[in-house]
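Single-letter residue listing:
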Amino acid sequence: MKDTSILVIYTGGTIGMKQDPDDLALRPFNFEQIVEEVPELRKFGCRIDTFTFDPIIDSSDVDVDFWKRLAGIIEEKYAEYDGFVILHGTDTMSYSASALSFMLEDLEKPVIFTGSQLPIGMPRTDGKENLISAIEIACAKDCNGNAKVPEVCIFFDSALMRGNRTTKYSAEEFKAFISPNYPTLAEAGINIKYHDPFIYRPQEWGKRLKVHKDLDPGAVILKIYPGIAPGTMESILGMPGLRGVVLETFGSGNAPSSEWFIDSIRKASGRGLVIVNVTQCMTGSVNMGVYATGIGLKSAGVLNGYDSTTESALAKLFFLMGQYPDNKRVKCEFEKNLRGEISK
Ligand code: ASP
């Protein structure tokens, strides 16, 4: 790891807090002195530089401008570093990891998001463990000297997961994230065990990174529920400027079969809205050919989100709508597997 260099980008969140021994108040941790604060990192012998966002943010304040900035930093520093570790609040980490996976095309270096449930400066913190393992993974190379994990990932509580497959699962357990529809990419135990068949490998190495910073946030998440009213559907689907909808449906992609409901979807889709079907279930995939309630949606023009997480479907819409001003093109692209975000 001697010649390896890693950039740790600290954006905010719980991980970056430390308890002041005098008054026990939580204050920001100084990541500029990361190696002094976490001396275990010296063992890697790699160069670790840091970049701290100004201001640091709670991840509830993440927006598309934040993603553009983050992608811009990676673009600017891409040639200089072998890997990137992004310290980020857990609350919206899955959204950010999904967005970055679409924004960074032909990525050949690891971009590992991590954070913690307890501040890094607390005695029982999970932050040190997460940070140390994330850096070790970001440094890892295969026998040809290529990155072992050239993907946007989340590392949390011993598990390395594809970022656009994750969802925040617990507000208090150390296992804060799961990857419900895709196997973990690695497990950190005594050693880090990589599950190579599931890790993305470029067909040919040496491509130039393309960074897509055009995002269009003109999409919403609409979770349906028993008793949803026509007025609710109308006002959401009729919002000015709306281009896309992630429709969170029941089970394998089902929704009310009432005429008014299917009609409101058909009309919105006919006006050009991109409506994508993802399930409210934690695991499994949408299949709009099973029940009449799903077939109705398909015939009304709804696209299949397969086993996508809601976070990933939304980020994919923002990304595709940013690339293509014409929704017809967005509809053509949406069902394709772009970054391993769906099983298809
Ligand atoms: N509210 C914090 C955030 O997401 C929680 C955390 O870091 O875990 O920024």
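Refer to the preceding data block for the structure.
A. Fine view of the packing of helix α2 (residues 64–77) against helix α3 (residues 93–103). It is the contact of α2 with α3, at a shortest axis distance of 10 Å, that shows an interaxial angle of 55 degrees. By the angle between their directions, the pair α2 and α3 is classed as oblique. The handedness of the crossing between α2 and α3 is right-handed. Contacts from F66, W67, K68, L70, A71 and I74 of α2 reach α3 at Y95, S96, A99, L100 and M103. Across the contact of α2 with α3, the residue classes tally to nine nonpolar, one polar and one charged.

B. Representation of helix α4 (residues 127–139) in the model. Counted at 1.5 Å a residue, the expected span for α4 with its 13 residues is 18 Å, and the 18 Å between its end C-alpha atoms agrees. Burial within α4 is extensive, with 10 of its 13 residues counted as buried. Every buried residue of α4 is accounted for by G127, N130, L131, I132, S133, A134, I135, I137, A138 and C139.

C. Molecular detail of the pairing of strand β5 (residues 83–87). Summarising burial for β5: five of the five residues are buried, a large majority. In this structure, strand β1 (residues 5–10) lies alongside β5, joined through five bridges in parallel fashion. Bridge pairing in β5 places L7 opposite F84. In the sheet, β5 pairs with strand β7 (residues 111–114) via four bridges, with the strands oriented parallel. Residue I86 lies in a different strand from β7, and its bridge partner there is F113.

D. Spotlight on the packing of aromatic side chains. For the structure shown, the criterion picks out nine aromatic pairs. Plain terms: the ring middles of W67 and F318 are 6.4 Å apart, the flat faces sit at 50 degrees to each other, and that makes the pair tilted. Pair noted here: W67 is in helix α2 and F318 is in helix α8 (residues 310–323), with a separation of 251 residues, a long-range link. For F318, a relative accessible area of 9% translates into the label buried. Look at F102 and F319: their rings are 5.8 Å apart centre to centre, the planes differ by 20 degrees, and that puts the pair in the stacked class. Here F319 lies in helix α8 and F102 lies in helix α3, a separation of 217 residues in the sequence. Of the two residues, F102 and F319, neither departs from the other in class, the shared state being buried. By way of ring pairs, the aromatic residues F51, F53 and F66 are connected into one cluster.

Rules and cut-offs
Residues numbered from 1 in each chain as written. Predicted model: local features only at pLDDT ≥ 70, side-chain atom pairs only at ≥ 80, totals over all residues. Heavy atoms only, no water. Axes fitted to C-alpha atoms, helices over the stretch in contact; angles between N-to-C directions. Helix = DSSP H or I, 4+ residues; strand = E, 2+ residues; numbered from the N terminus. Parallel < 35°, antiparallel > 145°, perpendicular 65-115°, else oblique. Left-handed = near helix turned anticlockwise from the far one by under 90°. Contact = heavy atoms within 4.5 Å. Nonpolar A, V, L, I, M, F, W, Y, C, P; charged D, E, K, R; others polar. Expected span 1.5 Å × (residues − 1). Buried < 20%, exposed > 50% of the residue type's maximum accessible area, 1.4 Å probe, protein only. Pairing = 2+ DSSP bridges. Phe/Tyr/Trp six-rings, centres within 6.5 Å; stacked < 30°, edge-to-face > 60°.

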